[in-house]
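Structure assessment
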Amino acid sequence: MLKKQNLRIDEHGERIPLTVVDTDEKKGLVRLIFQVIGKSTAALAALQTGDSLADVVGPLGKATEIENYGKVMLVGGGVGIAALFPIVKALKKAGNHVITILGAKNKELMILADECKAYSDELIVMTDDGSLGEKGLVTDAMEAVFAKEDINMAWAIGPSIMMKFCTLTAQKAEVPIFVSLNPIMVDGTGMCGGCRVTIDEEIKFACVDGPEFLGAGVDWDEFINRMGQYRTEEGISNEAYEKQVIHNG
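The structure presented is a predicted model; accordingly, all values stated were derived computationally and were not measured.

A closer look at the nonpolar core
If you look at the biggest cluster of nonpolar residues, it comprises 32 residues, and the most contacted ones within it are Met73, Val75, Ile101, Met142, Cys166 and Leu181. Among the elements that line this core, the one with the most residues is helix α4 (residues 138–148), at 5 residues. Setting aside chain neighbours within four positions, we find Val75 in contact with Leu84, Ile101, Val138, Met142, Trp155, Ala156, Ile157, Met162 and Cys166. Listed in part, the 24 residues of the second largest apolar core include Leu74, Ala83, Ile87 and Val98.

Right under this line is the structure:
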């Protein structure tokens, strides 16, 4: 169910991977949810109804393996909840008992809670400041669930550091957990090698071999370090875009 697509806003823009959150086949619509964090997402957010994109390529990568595992746990953090939702929906339709844990910094940043609740047997909401649900981390909720439930399979999607600690928490409970890796991607077809990750000491490409991998096999330190390798360039590009917007505004 978890599939990504690469889109480019204009002929001068970079390709960015976004997860297909939902689709409407009758209307020919694809639903995307993203957070504005740089030039490309800011430009995407500025588009108006009727505007067009330069190109969209997808679906890319391998789909989530959906089956009736029994009792499953799904953990989403921040904008990662957008990628988690279609998995929650598909696993429930496959007959699983679904326990969903959602986390965000505060109430204002929580997304898709009602949608996830509709397909969950139990929904646990965590916020850093306690403004919605319980105060604490998603790993706190995971530990509480593991203490009382026998979970057969788990998923975690969110910030890299969150997925790392969700993996460690699941490992302590001896529960396999899938994570969705979101390294920098360029072409999305396995040609550029930009999205390479180390899984069980082997090089894999997130765009074609993933984006889902068992968290226990991920070299988390390498992955987290590589996620920040273009931070300086991204900052320069975003600053130039903001100046252009102000100048044209």
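Let's talk about a negative patch on the surface
A cluster of acidic side chains, namely Asp200, Glu201, Asp219 and Glu222, defines a negative patch on the protein surface. Since its relative accessible area comes to 58%, Asp200 is described here as exposed.

Considerations on the layout of surface pockets
Roughly 280 Å³ of internal volume is contained in the second largest pocket. Lining the second largest pocket are 13 residues, with Glu65, Phe178, Asp209, Glu212 and Phe213 sitting closest to its centre. Per-element tally for the lining of the second largest pocket: the top contributor is strand β14 (residues 212–214), with 3 residues. Within the lining of the second largest pocket, the residues separate by chemical class into 6 nonpolar, 2 polar and 5 charged.

Observations concerning the sheet that holds strand β6 (residues 71–77)
If you trace the 7 strands from one edge of the open sheet to the other, you get β9-β8-β7-β6-β10-β11-β14, paired in mixed fashion. With partners counted over all chains shown, the strands left at the sheet margins are β9 (134–135) and β14, one partner each. Each of β6, β10 (153–157) and β11 (177–180) touches helix α5 (residues 160–172); the most contacted strand, β11, lies at about 175° to it.

What to know about the pattern of salt bridges
Counted under the stated rule, the structure contains 8 salt bridges. Close ionic contact of Glu122 with Lys148 constitutes a salt bridge, the shortest N to O distance being 3.8 Å. Linking Glu122 in strand β8 (residues 122–127) with Lys148 in helix α4, this pair joins segments that are 26 residues apart in sequence. Accessibility expressed as a relative area gives 55% for Lys148, which makes it exposed. Measuring nitrogen to oxygen at the nearest pair gives 3.6 Å for the salt bridge that ties Glu143 to Lys172. Here Glu143 is found in helix α4, whereas its partner Lys172 is found in helix α5, with 29 residues between them in sequence. Since its relative accessible area comes to 39%, Glu143 is described here as partly exposed.

Conventions and cut-offs
- Residues numbered from 1 in each chain as written.
- Predicted model: local features only at pLDDT ≥ 70, side-chain atom pairs only at ≥ 80, totals over all residues.
- Heavy atoms only, no water.
- Core = buried A, V, L, I, M, F, W, Y, C linked by side-chain atoms within 4.5 Å.
- Buried < 20%, exposed > 50% of the residue type's maximum accessible area, 1.4 Å probe, protein only.
- Helix = DSSP H or I, 4+ residues; strand = E, 2+ residues; numbered from the N terminus.
- Contact = heavy atoms within 4.5 Å.
- Patch = residues over 30% accessible without salt bridge, like charges linked within 9 Å, V, L, I, M, F, W, Y side chains within 5 Å.
- Areas by Shrake-Rupley, 256 points an atom, 1.4 Å probe, with all protein chains shown as cover.
- Salt bridge = Lys/Arg side-chain N within 4 Å of Asp/Glu carboxyl O.
- Lys, Arg positive; Asp, Glu negative; His and termini not counted.
- Charge placed at Lys NZ, Arg CZ, Asp CG, Glu CD.
- 1 Å grid on protein atoms, 1.4 Å probe; cavity = no way out; pocket = protein on both sides within 12 Å on 5 of 7 lines; lining within 4 Å.
- Points joined across faces, edges and corners; volume = space filled by probe spheres on them.
- Nonpolar A, V, L, I, M, F, W, Y, C, P; charged D, E, K, R; others polar.
- Pairing = 2+ DSSP bridges.
- Axes fitted to C-alpha atoms, helices over the stretch in contact; angles between N-to-C directions.

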